[in-house]
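What the coordinates show
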Amino acid sequence: MFNALLVQKSISGVSPAIKEVEESELPEGDVLVNVEYSSFNYKDGLALTGASGVVRSYPMVPGIDLAGTVAESNSPEWTTGDKCFLNGWGVGEGRWGGFAQKARVKSDQLQSVPKKFSTRDCMAIGTAGYTAMLCVMALQEQNVKPEDGEILVTGASGGVGSIAIALLAKAGYTVVAATGSKDAAQYLTDLGAAEVIPRTELTEPGKPLQKERWAGVVDTLGSHTLVNACATTKYGGCVTACGLAQGMDFPGTVAPFILRSVKLVGVDSVYAPMALREKAWARLAKELDIKKLDSVIQEVPLSNVAPVARRILTGQIRGRIVVNTNA
């Protein structure tokens, strides 16, 4: 028996609760992991509140990230005692995830914990940090250089935004952080932002083409924010889109793309191929400042995860939340 945060659905809605679960109830997979840490992402908030249809079957153990130690393995690639982690792959959505003390997973979806990191570090980074690195890589692949001008990061005080700022600033970019958090300016400046602007400058409908400002963008919000980011990006610039916290819609025009050669690059972290994941994590191990990472972390025990859901969906969470599954 082990503890898991189980979400069940009834006529009255979804209800999360800590339950004792038998190993036999875990889904099929060739590796059993003793989970040490998970992390809390925006998608986990949706899963715990029943919003947006994130969970595809019930009961469900949310948690799109997990890290720990191999307990049993039927795969030649993994041995008992190996330190491992997993991001995405539909875990916490279509199959049981990381908000539990044990998880059974597919061996080809696991990665080894980099020597520089602990299992806790991997979850402090989590899907959010790994997504942030994918966005930075996409900007660089589109030849956006520090000397080209400012980089806009939206949803800046969230997990993706926080780590994107740290990565971009360390790489020499001038970062402008857009946030709805009134008291986040010092936090974002400490991460490396050169300027902090209110998100309201971007969240309302705007003209199809506006004054050019950004050489590149990391957008986590979608909807009008993404449209306005495209409309204010310089000729030949690049906008990376990785989130939908404001909305899934794109109420804009093709004007920035056909008149300014702006490139809109979608960034998916859930089903990214392993080769790309390994490249991103190798760069995180090399480029992310662990001390700076510590400043964005809050740790919560598994028993206190459920109350976090509403807070993350309403933008009240700053940085990253690490879930200690054994506390």
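Provided above is the structure to which this section pertains.
Procedures and definitions
- Residues numbered from 1 in each chain as written.
- Predicted model: local features only at pLDDT ≥ 70, side-chain atom pairs only at ≥ 80, totals over all residues.
- Heavy atoms only, no water.
- Pairing = 2+ DSSP bridges.
- Helix = DSSP H or I, 4+ residues; strand = E, 2+ residues; numbered from the N terminus.
- Axes fitted to C-alpha atoms, helices over the stretch in contact; angles between N-to-C directions.
- Contact = heavy atoms within 4.5 Å.
- Buried < 20%, exposed > 50% of the residue type's maximum accessible area, 1.4 Å probe, protein only.
- Lys, Arg positive; Asp, Glu negative; His and termini not counted.
- Salt bridge = Lys/Arg side-chain N within 4 Å of Asp/Glu carboxyl O.
- Polar contact = N/O pair within 3.5 Å; in protein donor to acceptor, adjacent residues only side chain to side chain.
- 1 Å grid on protein atoms, 1.4 Å probe; cavity = no way out; pocket = protein on both sides within 12 Å on 5 of 7 lines; lining within 4 Å.
- Points joined across faces, edges and corners; volume = space filled by probe spheres on them.
- Core = buried A, V, L, I, M, F, W, Y, C linked by side-chain atoms within 4.5 Å.

Another aspect to go through is the sheet that holds strand β8 (residues 150-153). One open sheet holds the six strands; their spatial order is β10-β9-β8-β11-β12-β13, and the pairing between them is parallel. If you trace the sheet from one side to the other, it starts and ends with β10 (195-198) and β13 (263-266), each paired once. Across this sheet, the average inter-strand angle for adjacent strands is 20°, counted without regard to direction. Across the sheet, helix α3 (residues 159-170) lies against β8, β9 (175-179) and β11 (214-219), angled at about 165° from β8, the strand it touches most. Where helix α6 (residues 223-231) meets the sheet, its contacts fall on β8, β11, β12 (233-241) and β13, and the angle it forms with β12 comes to roughly 155°.

Here Asp44 is to be found in helix α1 (residues 42-49). One buried charged residue, Asp44, forms no salt bridge at all, with the nearest opposite charge on Arg320 at 7.0 Å. Within the local environment of Asp44, its side chain forms a polar contact with the backbone nitrogen of Ile64, the two atoms lying 3.2 Å apart. When residues no more than four places from it in sequence are discounted, the contact partners of Asp44 are Ser39, Gly63, Ile64 and Phe99.

Per the stated rule, a full pass over the model turns up one cavity of 30 Å³ or more. Here the largest cavity is characterised by a volume of approximately 30 Å³. Taken together, Ser162, Ile163, Ala166, Leu191, Leu288, Asp289, Lys292, Leu293 and Val296 make up the full set of residues lining the largest cavity. Elements with a contribution of two residues or more to the lining of the largest cavity: α3 and α9 (290-294). The element best represented in the lining of the largest cavity is α3, accounting for three residues.

Below, the discussion takes up the nonpolar core. The tendency in soluble globular proteins is for nonpolar side chains to be buried side by side. With 53 residues, the main nonpolar core has Ile165, Leu168, Leu188 and Leu284 as its most contacted residues. Broken down by secondary-structure element, the contributors of at least two residues to this core are α2 (119-141), β8, α3, β9, α4 (185-191), β11 and α8 (274-287). For this core, the element with the highest residue contribution is α2, accounting for 14 residues. Setting aside chain neighbours within four positions, we find Ile165 in contact with Val153, Ala156, Val175, Ala177, Leu188, Leu191, Gly192 and Ala193. In this structure, Leu6, Val55, Trp96 and Leu302 belong to the second largest nonpolar core, which totals 28 residues.

Counted under the stated rule, the structure contains ten salt bridges. For Glu36, the salt bridge goes to Lys83, with nearest N and O atoms at 2.9 Å. Residue Glu36 is located in strand β3 (residues 31-40), and its partner Lys83 is located in strand β5 (residues 83-87); the two are separated by 47 residues in the primary sequence. Overall, Lys83 belongs to the partly exposed group, its relative accessible area being 41%. Here Arg283 makes a salt bridge to Glu287, at a shortest N to O gap of 2.7 Å. A residue pair is termed a helical-turn pair when its members lie 3 or 4 positions apart in one helix, as Arg283 and Glu287 do in helix α8 at four residues. Among the charged side chains, a salt-bridge network with shared partners connects Lys43, Arg56 and Glu93.

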